[in-house]
Number of protein chains: 2
Amino acid sequence: MAHVGQIMQTRDEKRPCTESGLRTMTELQQRLVPELIDVLTRRYTILRTISLLMPVGRRVLAKEMGTTERKLRSEVEFLREQGLIATSSVGMVLTSEGQQLVEELHGYMHEVHDLSTAELMLARCLDLEGVIAVPGDSDSSELVQKDMGRAAAHYLKSILAEGMVLAVSGGTTLAAVASTLVPANFNGQLTVVPARGGMGEDLSKQAGSIAAKIAAKLNANYRLLHLPDSLGEKAAAVVAEEPEIREVLEVARSASILLLGIGAAQAMARRRHLRPDQLALLEHVGAVGETFGYYFNRQGEIVYVTPSTGLKLEHIKRVGHVIAVAGGSSKAEAMLAVLSYDFPATTLVTDEGALLEMLKLIERRGGPLATRRDD
Amino acid sequence: MAHVGQIMQTRDEKRPCTESGLRTMTELQQRLVPELIDVLTRRYTILRTISLLMPVGRRVLAKEMGTTERKLRSEVEFLREQGLIATSSVGMVLTSEGQQLVEELHGYMHEVHDLSTAELMLARCLDLEGVIAVPGDSDSSELVQKDMGRAAAHYLKSILAEGMVLAVSGGTTLAAVASTLVPANFNGQLTVVPARGGMGEDLSKQAGSIAAKIAAKLNANYRLLHLPDSLGEKAAAVVAEEPEIREVLEVARSASILLLGIGAAQAMARRRHLRPDQLALLEHVGAVGETFGYYFNRQGEIVYVTPSTGLKLEHIKRVGHVIAVAGGSSKAEAMLAVLSYDFPATTLVTDEGALLEMLKLIERRGGPLATRRDD
DNA sequence: ATTATTTGTCCCACGTGTGCCAATAAAAAC
DNA sequence: GTTTTTATTGGCACACGTGGGACAAATAAT
């Protein structure tokens, strides 16, 4: 999951604002040459592991690092050419130069590594398949949300395949995903559907519009639910019997990938123009997080459901992969609530602000696996 | 020549000691992922060029940057995926994000560019084929000399081919080249000869030992001149008639590559135990630089020749390629003197200290092409 | 002496990068 | 207003380099 994961900066100790101020060189590099930063961390990790285990052979080193021996070989050859390690028949050892380099690099590597360790930690805590975080905080800068959107779009594209059905929810975050998505050609062998009917005021942030936009960029089919999101229960039941609607719902229920945004419960309820008594109810049951009409409390339990047309939670259970996209430290609590629910294989795309805030919340509650840093 | 060229650090403005102190992140990166800087500068240059010419198409951009259109396309595709540039039918433009990134990057890029521009400048001033500089100063740290040795060894290997004859001189610097050379297999299709007979006290720094060491590492043949370097003129003439010696000299004179170290005249003369009157003579004629027995004054003129067996200057003229290796700011004057002489295609491998010092000396003398920085 | 390490080599296949060419749209000329 | 020209982007086939797997040689430990 470090493929897209980006780095944060801690070099200046007290960490000046990441967004509006100047980004650090490492951040810029991460943006301009991400693949080489991966190479850098890989080689550093190799050196570091050797320094701990030396003398050590390629075999055990590969096993230790979770890579193949052949892959390691190329790197080892390079490192030897650089005079950083020496090989003998008992294994590989660091040369004095290598040792010195590892020590010097140690401090700098936190710039690169901190976010990815945090990603791993959160993935373990919430039992997520993967966490991808971009540096910055969406709360303070719009650029970060865009960046997050691009990271999500990139990841989405990497797991999409022909014949799949993609269901999307709404929100500004997912709108960013759609707009940063790089066009590709799926030859119509892909269907995009909204997970819900229309919602609220802004058309461009509705699930339907987002589905259409994504479909256009990927040259995919799309089906829309031309319905208001919040119908009365009776009305919803009636409408759901309409053949056209039924068909779209059928397709949506067979979705293999679900792309969803997460919102703070209060803000979401307000945006949906819920009645005061409903707001009070949400408050009463402790709803903090919301996603496509479902409200969750801090324990990840569903405490309220907006009567609506669209995917139901029981269908989500059958979805192969869930991609949750949300960021901003202010949303951390909501995200934590929603993600505590037991979704299928979930990948979270977020930002540094939300990531660190979530970890902070987990630690404060004495959450499971709240291990401390390992250096 | 930027392939091996490495970077110096100027970020902390007043530039603390590069060697003994902590190296900068960029230096370490350069060591661990050498191509990183190249890719980074390439992409940065693309962005910068677009920002100046936009909207611009790939064709003119490729011509402007001196690369092929297809090569550019890969980069352009990447930059578009990163959301830094946008393509339309009128050409490519920077997005607002791209524009911001270019501006932020601008300051940092000097870290990367300064050494390579300095390399280019020196190459122009001295009419060298190439200059490769490693960061640091050999005067202050032994590590730098090793690094320089590795850079030279790497470059040497890149131009070696089967059937060639390699002539080497002596000195600590070339000893470092030999010891950092990464073994390769030339199947005996390569011959290494010393450019001169033995010299001075330390066996490991003699041309013969170095030739033998290099030959061993490359699985090449080697021939030695089992002679003291400084014979009397008469004795030299006599010995040169010996069949065995003649044969080796024949081989040496057909050398296609010459690897030579450069020394400061005074230190060299002292190490060779010249007589006081000889020392006085050197002083009198203004000898400052020395290489394999030839002493040069500041103008690059030969002012003294050690009577000796080995290659003569007239043979050097026929050598295809000269690789000069020397570093340390204290040697700058000597290097400048020797390199001012009109050798055949010469590549200089040096370090930051010597490089900058040489440029300073050139500027002080109002040397040709002493242009100032272009920003 | 044997076993379990290690490094280094070889061949094959897959993927990425490269060079060439087609399609298209804006602009300029008529 | 129509046509021609000149720019642009995008697609496609091929080759080269890198990764995968198995194997051989060599050395320390049992």
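These numbers were taken from a predicted model, which means no experiment stands behind them. (Residues numbered from 1 in each chain as written. Chains lettered and ligands numbered in written order. Predicted model: local features only at pLDDT ≥ 70, side-chain atom pairs only at ≥ 80, totals over all residues. Heavy atoms only, no water.)

Re the sheet that holds strand β11 (residues 302-305) of chain A
Residue and element names in this part refer to chain A. Sheet architecture is open: 4 strands sit in the order β8-β9-β10-β11, paired in antiparallel fashion. Edge positions in the open sheet fall to β8 (263-264) and β11, since each of these has one partner strand only. Pairing between β8 and strand β9 (residues 287-291): 2 bridges, direction antiparallel. Each residue of the ladder has a partner; that of Ala264, found in β9, is Gly289. Relative to β11, helix α12 (residues 276-285) is tilted by about 170°, and along the sheet it contacts β9, β10 (294-297) and β11. Its contacts with the sheet put helix α14 (residues 332-340) on β8, β9 and β10, and the angle it makes with β9 is roughly 70°. (Pairing = 2+ DSSP bridges. Helix = DSSP H or I, 4+ residues; strand = E, 2+ residues; numbered from the N terminus. Contact = heavy atoms within 4.5 Å. Axes fitted to C-alpha atoms, helices over the stretch in contact; angles between N-to-C directions.)

Some points on the relation of the copies chain B and chain A
With an RMSD of 0.7 Å, the operation that places chain B on chain A is a rotation of 179° combined with a shift of 0.0 Å along the axis. These values place the two chain copies in the arrangement generated by a two-fold rotation axis. The rotation axis passes nearest to the C-alpha of B:Leu36 in chain B, at a distance of 3.4 Å. Taken together, the interface assignments show that 97% of the residues at the interface of chain B recur at the interface of chain A, consistent with an identical surface on both copies. (Least-squares fit on C-alpha atoms with pLDDT ≥ 70 in both.)

Some remarks on the protein's contact with DNA strand D
Near DNA strand D lie 18 residues; those nearest to it are B:Gly57, B:Arg58, B:Arg59, B:Arg73 and B:Arg80. Taking all atoms of DNA strand D within 4 Å of the protein, the share assigned to sugar and phosphate is 51%. For DNA strand D, a phosphate oxygen lies 3.4 Å from a polar atom in the side chain of A:Ser74. A distance of 2.2 Å separates a base oxygen of DNA strand D from a polar atom in the side chain of B:Arg73. Of all elements in the fold, only α4 (69-81) of chain A together with α3 (58-65), α4 (69-81) and β2 (91-94) of chain B reach the threshold of two or more residues within the surface near DNA strand D. Sort the elements by how many residues they give to the surface near DNA strand D and α4(A) lands first, with 4 residues. (Near = heavy atom within 4 Å. Polar contact = N/O pair within 3.5 Å; in protein donor to acceptor, adjacent residues only side chain to side chain.)

A word on the interface of chain B and chain A
In many analyses, interface size is given as the accessible surface area lost on bringing the parts together. On the side of chain A, 38 residues touch chain B, which itself brings 38 residues to the contact. Broken down residue by residue, the surface that chain B buries against chain A is led by B:Met25, B:Leu32 and B:Glu97, which jointly contribute 18%. One salt bridge connects A:Arg31 with B:Glu97, and the closest N-O pair in it is separated by 3.1 Å. Put simply, chain B and chain A have 10 residue pairs in polar contact (both at pLDDT 80 or more) between them. The element contributing the most residues to the side of chain B that touches chain A is helix α2 (residues 34-53) of chain B, with 8 residues. (Buried area = accessible area lost by both parts, 1.4 Å probe. Salt bridge = Lys/Arg side-chain N within 4 Å of Asp/Glu carboxyl O.)

With respect to the domain arrangement of chain A
Residue and element names in this part refer to chain A. Domains assigned within chain A are domain 1 (19-112) and domain 2 (115-374). Facing 4 residues of domain 1, the contacting portion of domain 2 comprises 10 residues. Summed over both partners, the interface of domain 1 with domain 2 buries about 450 Å², with 46% contributed by carbon and sulfur atoms. Our count for the domain 1 to domain 2 interface comes out at 1 salt bridge. For Asp147, the salt bridge goes to Arg31, with nearest N and O atoms at 3.9 Å. On inspection of domain 1 and its partner domain 2, the count reaches 0 residue pairs in polar contact (both at pLDDT 80 or more). (Domains from an automatic or database assignment.)

Comments concerning the packing of α2(B) against α3(B)
Residues and elements named next belong to chain B. The contact between α2 and α3 brings their axes to 11 Å, and the two run at 120°. Relative to α3, the element α2 lies oblique. For the pair α2 and α3, the sense of crossing is right-handed. When α2 is examined against α3, the residues Arg42, Thr45, Ile46, Thr49, Ile50 and Leu53 are found in contact with a partner set consisting of Leu61, Glu64 and Met65. The class makeup of the residues in the contact of α2 with α3 is 5 nonpolar, 2 polar and 2 charged. (Parallel < 35°, antiparallel > 145°, perpendicular 65-115°, else oblique. Left-handed = near helix turned anticlockwise from the far one by under 90°. Nonpolar A, V, L, I, M, F, W, Y, C, P; charged D, E, K, R; others polar.)

Brief notes about the protein's contact with DNA strand C
Surveying the vicinity of DNA strand C reveals 18 residues, the closest of which are A:Arg58, A:Arg59, A:Arg73, A:Arg80 and B:Arg70. Across the atoms of DNA strand C situated within 4 Å of the protein, the share located in sugar and phosphate is 51%. Between a base oxygen of DNA strand C and a side-chain N or O atom of A:Arg73, the distance comes to 3.0 Å. For DNA strand C, a phosphate oxygen lies 2.8 Å from a polar atom in the side chain of A:Arg80. Within the residue set of the surface near DNA strand C, elements represented by two or more residues are α3 (58-65), α4, β1 (85-88) and β2 (91-94) of chain A together with α4 of chain B. Here the residues of the surface near DNA strand C sort into 3 nonpolar, 8 polar and 7 charged.

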